[in-house]
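# Structure assessment
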Amino acid sequence: MNARFGREDGYALLITVFISLLFAVLALSLLSVTLSGVKRSQTSENIVQARELSAKGIDHLTNQIYRELNEALGGEGLPRSEFIERLNQTLNAYKCDGSGIRKANRTGEYAACITKIEDVTDANGEPNPLRKKVTFVSTGNASGEEKKMTATFEVGSQAVPEPLQYALGANKACGGTGGCEPGEGNMFLHGAVSITGDMKVDGNLIISNKARAVLGGGEYWINSLYPGARPADGKDRAQLVLGGEVYALNQTPGDYDKYLKTVNLGAGFTKKTDRIEDIFFPGEAPKLVRRATSREPIPITSQRDAFKYGRNSPEVTEIKKDYFENSYYPDKKIFASCKDCEFEGNNTFWRFATNGNLKIESNRSSFKKTTFLNGAYIGGNLTIGNGSTSSNPNNYDRIQIDGPIFVDGDVTIRGADAQFNSIMYVDGDVLIEYSRINGLNKNDKEGSLIIFTTGKIDIQNNSLYQDEPSQIKGFFYSEKELEMYGVGSNIRIEGGISARKIVLNAIRGRASNQRFENAQKYSNDYYEGVKGQRTRPSRLQIVYDPEIINTYSDIKSQEPVITDVDFPILLDRKPGE
């Protein structure tokens, strides 16, 4: 029996040893798997950190270049030639055959440099020396793991402002920081406004099928149709980039000024964001797009120092006279000591400045041209045209203007059959009436009039009661509100409009101070009936001109001083191995 018990004890010991060995093997396997997992996890974390570090290297270098170029400009900017030289010097300093940048932190280190610098070409295929296409490479290292990233940016000055990319743009410059003016960023389309191109509305879009008109001192809301939005060339459908909501106006506003400042759109309005096709002309509703947009204002008054100089400034030729006719100073920096300057005939200046007012006139028979090769500064008001209040363009002065201008006052264009290739920065109000505006042909390209103003823009009384519209080729940007009427007036703008608040009123078809068949009468005037409007063109047409972007770039290149640098624009970003 003792022998049997001895054998059983031996089996028990053997089983115990086997189980112990089994658990030891399992424990070692588990430990190995755990350690392997920890190692893989650490490796994966290092890879992620290396990628993040490589991205930081790109961000660091692009920000550093942007900061250095801004510091080089200082408060007064740099002459064009000096900016081009500084841009090239700054970029060359960070090429990979030099030093680049290198930085270490608690997660690892990164090194970044420039591998390629290429020219940026304009629409004519000519290099734009104020901008460069730059390819960056950055390597991130975290505990021995390395990852590369390449990215291509446009670097330099004079990118096209976002508002110039839309036919209509209502801008909320206050952003989310508060301090907004009542109704800021809203767009009001009253009646049958016709838009060709995309729209951007940072606030709300309010739409009505009635158009407001002020007649004989009274306010009337004329029966019309809903607005239409057609796509620009090359697109299937117009886009509406919307920051707020879309509303239908269901009743006639009692207090018009209060209505335009409405913030909470409740009674009297119906939300139509999800059914915008209900409140657009049949087949002409835009595609709704929700997208963050830039709310950076276009610098206007900061451009002053690039244009302004006095009689005692370097290399200035002072001229003490009021009247200029057929003056030719293509290589001179002219300062005109006159309170009320007047131009007639053909006048050419390399640069021109006056602290007074300037009036540009011509004659009705042939075009006369004013050229500012490197810009002009007007310290007072600028008036263009003979002041005619006729609706017949044959009664207007025929005027051509080429070159950028800064106006420290108001701009009035009245009685002008004008052709422009000009950017105007205006610290005042703008009035355009009884005029026709076209682009000026230069180097086989048609220019345009581009106005950026701190004040209001009024475009009114053009082709009043006429069946053919006044052509106005230009882009108009205001830091305040812009209101236009195509009820009695008949206007076609080829370019675009951008403002803090936009109010457009229009009908389709005929308008007259004489009765005609099937007209509807308001006060002492007559307007196309609703049925007739369905087959007739709008009296207020906004047609986007994509060439406005090239015109802007071309005219900007004539400005004498570079005063701002654009933040680098990302074109492409690729993670490497």
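Refer to the structure printed above.
Residues numbered from 1 in each chain as written. Predicted model: local features only at pLDDT ≥ 70, side-chain atom pairs only at ≥ 80, totals over all residues. Heavy atoms only, no water.

### Overview of the overall build of the protein chain
- Scanning the protein chain from terminus to terminus reveals six helices and 44 strands.
- In the protein chain, which comprises 577 residues, the share counted as buried stands at 50%.
- By sequence separation, contacts in the protein chain at least 24 residues apart represent 64% of the contacts at least 6 residues apart.
- Accessible surface, the protein chain as shown: approximately 26,800 Å² in total, 46% of it carbon and sulfur. (Helix = DSSP H or I, 4+ residues; strand = E, 2+ residues; numbered from the N terminus. Buried < 20%, exposed > 50% of the residue type's maximum accessible area, 1.4 Å probe, protein only. Contact = heavy atoms within 4.5 Å. Areas by Shrake-Rupley, 256 points an atom, 1.4 Å probe, with all protein chains shown as cover.)

### Describing the state of the cysteines
- Under the definition given, this model contains two disulfides.
- Each sulfur of the disulfide joining C96 and C113 lies 2.0 Å from the other. Because the sign of the S-S torsion sets the handedness, a value of about 85° for the bond joining C96 and C113 places this disulfide among the right-handed ones. Of this pair, C96 sits in the loop between α2 (80-92) and β2 (101-105) while C113 is found in strand β3 (residues 108-121), placing the two residues 17 residues apart along the sequence.
- Its relative accessible area of 34% is what places C96 among the partly exposed residues.
- Note on C113: relative accessible area 15%, which makes it buried.
- Two residues, C338 and C341, share a disulfide whose sulfurs are 1.7 Å apart. Its torsion about the S-S bond being 75°, the disulfide of C338 and C341 is classed as right-handed.
- C341 sits in the buried class, given a relative accessible area of 2%. (Disulfide = S-S within 2.5 Å.)

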